[in-house]
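# A structural walkthrough
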Amino acid sequence: MRGRYAPSPTGRLHLGNARTALIAWLAARSRGASFVMRVEDLDPQRSRGELEAEQLADLRWLGLDWDEGPDVGGPHGPYRQSERVEAYAAALEGLEVFPCSCSRREVRELALAPHGREPIYPGTCRAGPRRPDRPLAIRWRTPAGVVTFVDRVQGCRSENVRRDVGEFVLRRADGVWAYQLAVVVDDQAMAIEQVVRGSDLIESTARQRLLQRALGYRETEYAHIPIVTGPDGSKLNKRHGAPDLSTMRLAGVDPRRVVAMLAASAGLIDAGQTHVQPRELVGGFDWGRIPPQSVSLVDVGLWNKEA
Ligand code: GLU
């Protein structure tokens, strides 16, 4: 079995990322699997080399290691998505696609999306781009039907991608490959069997499953780890003022304390245990203990309830 963690070097890792990475690593190591580190730096506008180095240093500081990755090499490389674009272009050849000239704004304006959801592509350019003079995105002629998958943590999920998302983008008009395609191509090329990632990505999973099927790839197993929220219940972000991993590392925080908080919040150790290293958790790892609900900073012990 092979597992992976796939950070995007677009910001510093926070406790939610660390919790997901720890669980992904434990899931792999507890079944003797290889662990792959893949850097998802597809978007050149948002990705930064310094952040990649910082993230990898943070993950090592926590006590995680990997058998293959951008810094250690390996037989399935390169391990940076920016260096893998030929593979995405080759995969695109195997799919039925069409060029689309719609801007995000136009899609949003035309789409009838329930409030707060991603707009559903209304099929504007299906028969040919409306504005062929513009830079064109590439969309997939998404097959109709319901996709069902079983998530290790969240249980059974179904989605009608064609109806609820529409024909989605595989390559943006600026030439940047879409995350949906890149992840599927890379997990296949890197022989990944189990995908462990944040639960905010569960909405993408049906799309990725459909792509795996259309391309004749292996169907990966999924586990979506609930997010860490601020004390107000919203997804952890800078405004909550929680320190990121680099800040803690550089401030000399003992990583075993951080791992203990994360492990306790994931039901892997008792709350009374204050120091632990990831490798001490390998033997006792059990998916059945990972709670399907999000946890707040208060639960991980990082927020003073009275404050
Ligand atoms: N690069 C994505 C992120 O950092 C994760 C993608 C994945 O694990 O499939 O959120």
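The preceding data block contains the structure.
What you see is a predicted model, and the numbers here were worked out from it, not measured in a lab. The numbering scheme is per chain: residues are counted from 1 as the chain's sequence reads. Only residues with pLDDT of at least 70 are given local features in this predicted model, and only at 80 or more are side-chain atom pairs given and counted; all residues enter the totals for whole chains, interfaces and linings. Each side-chain value is derived from all of the structure's non-hydrogen atoms; neither hydrogens nor water enter the calculation.

Regarding its fold elements, the protein chain presents 10 helices and 11 strands. Here the C-alpha atoms of the protein chain give a radius of gyration of 20 Å, agreeing with the 19 Å that 2.2 N^0.38 yields for 307 residues. Principal-axis analysis of the C-alpha atoms places the extent of the protein chain at approximately 60 × 45 × 35 Å. Counting the 307 residues in the protein chain, one finds 48% classified as buried. Of all intrachain contacts in the protein chain linking residues separated by at least 6 positions in sequence, the fraction that spans at least 24 positions is 74%. Accessibility throughout is a Shrake-Rupley quantity obtained with a 1.4 Å probe, and a residue counts as covered only by protein chains that appear here. If you sum the accessible surface of the protein chain, you get close to 14200 Å²; carbon and sulfur atoms cover 48% of it. The averaged location of the 39 negative side-chain charges in the protein chain is 3 Å from the averaged location of its 42 positive side-chain charges. Going along the chain from the N terminus, every DSSP run of H or I of four or more residues is numbered as a helix, and every run of E of two or more is numbered as a strand. All radius of gyration figures rest on C-alpha atoms, and the globule criterion is 2.2 Å times the number of residues raised to 0.38. Note on exposure labels: buried denotes an accessible area under 20% of the residue type's maximum, exposed denotes more than 50%, and partly exposed covers the range between, all computed with a 1.4 Å probe on protein chains only. By definition, residues are in contact when any of their heavy atoms lie within 4.5 Å. Residues counted as positive are Lys and Arg, residues counted as negative are Asp and Glu, and His and the chain ends are not counted. The location of each charge is read from NZ of Lys, CZ of Arg, CG of Asp or CD of Glu.

Turning next to the site of the ligand. The cutoff for a nearby residue is simple: one of its non-hydrogen atoms must lie within 4 Å of the molecule or strand. Surveying the vicinity of the ligand reveals the residues Arg4, Ala6, Pro7, Ser8, Glu40, Tyr179, Val183, Arg197 and Leu201. Between the ligand and the protein, one listed contact pairs an oxygen atom with a side-chain N or O atom of Arg4 at 2.5 Å. Three residue categories are used. Nonpolar comprises Ala, Val, Leu, Ile, Met, Phe, Trp, Tyr, Cys and Pro, charged comprises Asp, Glu, Lys and Arg, and polar comprises the others, including Gly. Looking at the shell around the ligand, its residues break down into 5 nonpolar, 1 polar and 3 charged. We define a polar contact as two N or O atoms separated by no more than 3.5 Å, with the added condition that, inside protein, one atom must be a possible hydrogen donor and the other a possible acceptor, whereas residues neighbouring each other in sequence contribute only through side-chain atom pairs.

Turning our attention to the packing of helix α3 (residues 85-92) against helix α6 (residues 179-189). For every element, the axis is a line fit to its C-alpha atoms; helices are fit only across the contacting stretch, and the angle between N-to-C directions ranges from 0 to 180 degrees. For the pair α3 and α6, interaxial distance at closest approach is 10 Å and the crossing angle is 100 degrees. Relative to α6, the element α3 lies roughly perpendicular. Of the residues in α6, those in contact with Ala87, Tyr88, Ala91 and Leu92 of α3 are Leu181, Ala182, Val185 and Asp186. Here the residues of the contact of α3 with α6 sort into 7 nonpolar, no polar and 1 charged. Any angle that falls under 35 degrees is termed roughly parallel, while one over 145 is termed roughly antiparallel, one within 65 to 115 roughly perpendicular, and all others oblique.

Burial along strand β5 (residues 146-151) is one-sided: Val147, Phe149 and Asp151 are buried, while Val146, Thr148 and Val150, pointing the other way, are not. Here β5 pairs with strand β6 (residues 155-160) via 6 bridges, running antiparallel. Bridge pairing in β6 places Val150 opposite Cys156. Counting the residues in the hairpin turn of β5 and β6 gives 3 residues. A pair of strands is labelled paired if DSSP reports no fewer than 2 bridges between them.

The criterion is simple. A nonpolar core is a set of buried Ala, Val, Leu, Ile, Met, Phe, Trp, Tyr and Cys residues joined through side-chain atoms within 4.5 Å. In terms of nonpolar packing, the biggest core is built from 46 residues, with Leu59, Leu62 and Trp287 touching the most fellow members. For this core, the secondary structure elements donating two or more residues are α1 (15-29), β2 (34-37), α2 (49-62), β9 (221-225), α8 (245-250) and α9 (255-265). Here the element with the most residues in this core is α1; it accounts for 10 residues. In this view, Leu59 contacts Tyr5, Leu13, Ala21, Met37, Leu64 and Trp66; residues no more than four positions away in its chain are not counted.

By definition, disulfides here are pairs of cysteine sulfur atoms that lie within 2.5 Å. Tallied over the entire structure, the rule returns 0 disulfides. No disulfide involves Cys102; its sulfur sits 3.7 Å from the nearest other cysteine sulfur, which is in Cys125. The exposure class of Cys102 is buried, given its relative accessible area of 14%.

As a further point, take the pairing of strand β1 (residues 2-5). Going residue by residue along β1, you find Arg2 and Arg4 tucked away on one face and Gly3 and Tyr5 tucked away on the opposite face as well. Pairing geometry for β1 and β2, over 4 bridges, is parallel. Bridge assignment links Gly3 to a residue of β2, and that residue is Phe35. When the strands point away from the viewer, a crossover counts as right-handed if the path from the first strand over the helix to the second runs clockwise. Regarding topology, α1 serves as the crossover connection from β1 to the parallel β2, and that connection is right-handed.

Within a sheet, neighbouring strands are paired by backbone hydrogen bonds and run either parallel or antiparallel to one another. Pairing is antiparallel in the open sheet, where 3 strands are placed in the order β3-β4-β7. Either end of the sheet is taken by a strand with one partner, and the two such strands are β3 (97-100) and β7 (169-171). Averaged over all pairs of adjacent strands, the angle between their axes in this sheet comes to 40 degrees, without regard to strand direction. Direction of pairing for strand β4 (residues 137-140) relative to β7: antiparallel, over a ladder of 2 bridges. Bridge pairing in β7 places Ile138 opposite Arg171.

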